[in-house]
Structures are given as C-alpha cells and as structure tokens.
Amino acid sequence: VPEDQADKLLLASWGLPKAVLEKYHSLGVVQMFEWQAECLMLGQVLEGKNLVYSAPTSAGKTLVAELLILKRVLETHKKALLILPFVSVAKEKKCYLQ
C-alpha cells in the first residue's frame, strides 16, 4: 500500500456503518494487512468485478470477502450469497454476520 494510502489499512476508512465497525472492533479487528487492502483496491473489485486471490490458512482471506460482500450489499441494497465449505463454518458466519 503506498504511503499516501496507509489509512486504507484501517477498517474505518472503507465507509462501513458504525455498527459493523463496532462489531469488528469488539473482535479485535481494527485494521487489515497490507495485502488485504491491496486486494480491495485492485481494479474495479469494489464495483463488483471479480477477484481471485490466494493465501495460507488463517491469513485473512475471509475478511476480504466479508468486506466486499458488506460493501456491495449496503451500497446496492441487494442480497448476497456466501458459499462456505462446512455446515459448522456456515453456522459460525451466520451468527457473526447478523
């Protein structure tokens, strides 16, 4: 992330509602890793274009997906479909995203 865009590491810089930011902050998530912010700043990904990225387990891939989904849902007032590999993960995310 270029120095002039270092604020993009903070979740508060992405135009999320206060309630969403408070939830992330309560879970200890205040800022992103540089690679996560870079993913969100690529091309027109925030306008709905595709993004393919890869990272090791527990590296933070889910946060990128959640932020993309939340931004699109809030801005377009449309629904989103989140496909997860296991029922236990789906239940966890259901509670988390509510």
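For the structure, check the block above.
Residues numbered from 1 in each chain as written. Predicted model: local features only at pLDDT ≥ 70, side-chain atom pairs only at ≥ 80, totals over all residues. Heavy atoms only, no water.

Quick notes on the overall build of the protein
Working step 1: In terms of regular secondary structure, the protein is built from four helices and zero strands.
Working step 2: Ordering the α and β elements of the protein from the N terminus gives α-α-α-α.
Working step 3: At 13 Å, the protein has a C-alpha radius of gyration in line with the 13 Å of a compact globule built from 98 residues.
Working step 4: With the C-alpha coordinates aligned to their principal axes, the bounding extent of the protein is approximately 40 × 30 × 30 Å.
Working step 5: The buried share of the protein, reckoned over its 98 residues, is 23%.
Working step 6: For the protein, the proportion of contacts with a sequence separation of at least 24, taken over those separated by at least 6, is 56%.
Working step 7: Approximately 7,100 Å² of the protein is accessible, and the part contributed by carbon and sulfur atoms is 57%. (Helix = DSSP H or I, 4+ residues; strand = E, 2+ residues; numbered from the N terminus. Rg over C-alpha atoms; globule rule 2.2 N^0.38 Å. Buried < 20%, exposed > 50% of the residue type's maximum accessible area, 1.4 Å probe, protein only. Contact = heavy atoms within 4.5 Å. Areas by Shrake-Rupley, 256 points an atom, 1.4 Å probe, with all protein chains shown as cover.)

A closer look at the nonpolar core
Working step 1: Core analysis: the biggest nonpolar cluster contains 17 residues, and Leu11, Leu16, Tyr24, Met32, Leu40 and Leu67 have the highest contact counts within it.
Working step 2: Mapped by element, the contributors of at least two residues to this core are helix H1 (18-26), helix H2 (34-41) and helix H3 (61-76).
Working step 3: Residue contributions to this core peak at five residues, all from H3.
Working step 4: Not counting residues within four places of it along the chain, the set of residues in contact with Tyr24 comprises Leu11, Val29, Leu63, Glu66, Leu67, Leu70 and Tyr96. (Core = buried A, V, L, I, M, F, W, Y, C linked by side-chain atoms within 4.5 Å.)

Remarks on the side chain of Gln36
Working step 1: For Gln36, the position within the fold is in helix H2.
Working step 2: The exposure class assigned to Gln36 is buried, which follows from its relative accessible area of 2%.
Working step 3: Here the side chain of Gln36 touches Phe33 through a polar contact of 2.7 Å, landing on its backbone nitrogen.
Working step 4: Non-local contacts of Gln36, meaning those with residues more than four positions away in its chain, are made with Ala59, Gly60, Leu63 and Val64. (Polar contact = N/O pair within 3.5 Å; in protein donor to acceptor, adjacent residues only side chain to side chain.)

Some points on H3
Working step 1: Look at H3: 23 Å from first C-alpha to last across 16 residues, which is about the 22 Å you get at 1.5 Å a residue.
Working step 2: Of all the positions in H3, only Leu63, Val64, Glu66, Leu67, Leu68, Leu70 and Lys71 are classed as buried.
Working step 3: Buried-residue contacts for H3 involve H1, H2 and helix H4 (87-97).
Working step 4: Where H3 terminates, the next one or two residues include His77, which has phi positive at roughly 60 degrees. (Expected span 1.5 Å × (residues − 1).)

Looking at the environment of Pro56
Working step 1: Tracing the backbone through its elements, the reader meets Pro56 in the loop between H2 and H3.
Working step 2: Along the chain, Pro56 and Ala12 lie 44 residues apart, while their C-alpha atoms are 25 Å from each other.

Comments concerning the pattern of salt bridges
Working step 1: A complete count under the given rule lists three salt bridges for this structure.
Working step 2: Here Glu66 ties to Lys93 by a salt bridge, and the two come within 2.6 Å at their closest N and O atoms. Within this pair, whereas Glu66 is found in helix H3, its partner Lys93 is found in helix H4, the two being separated by 27 residues in sequence.
Working step 3: Two residues, Lys71 and Glu75, come together in a salt bridge whose shortest N-O distance is 2.9 Å. (Salt bridge = Lys/Arg side-chain N within 4 Å of Asp/Glu carboxyl O.)

Some details on H1
Working step 1: Among all positions in H1, only Val20, Leu21 and Tyr24 are buried. Seen from one end, H1 has its buried residues packed into an arc of 95 degrees, which puts them on one side. Of the residues in H1, the exposed ones pointing more than 90 degrees away from the buried face are Lys18, Ala19 and Ser26.
Working step 2: Tucked into the core, H1 has its buried residues touching H3 and H4. (Arc of directions from axis to C-beta.)

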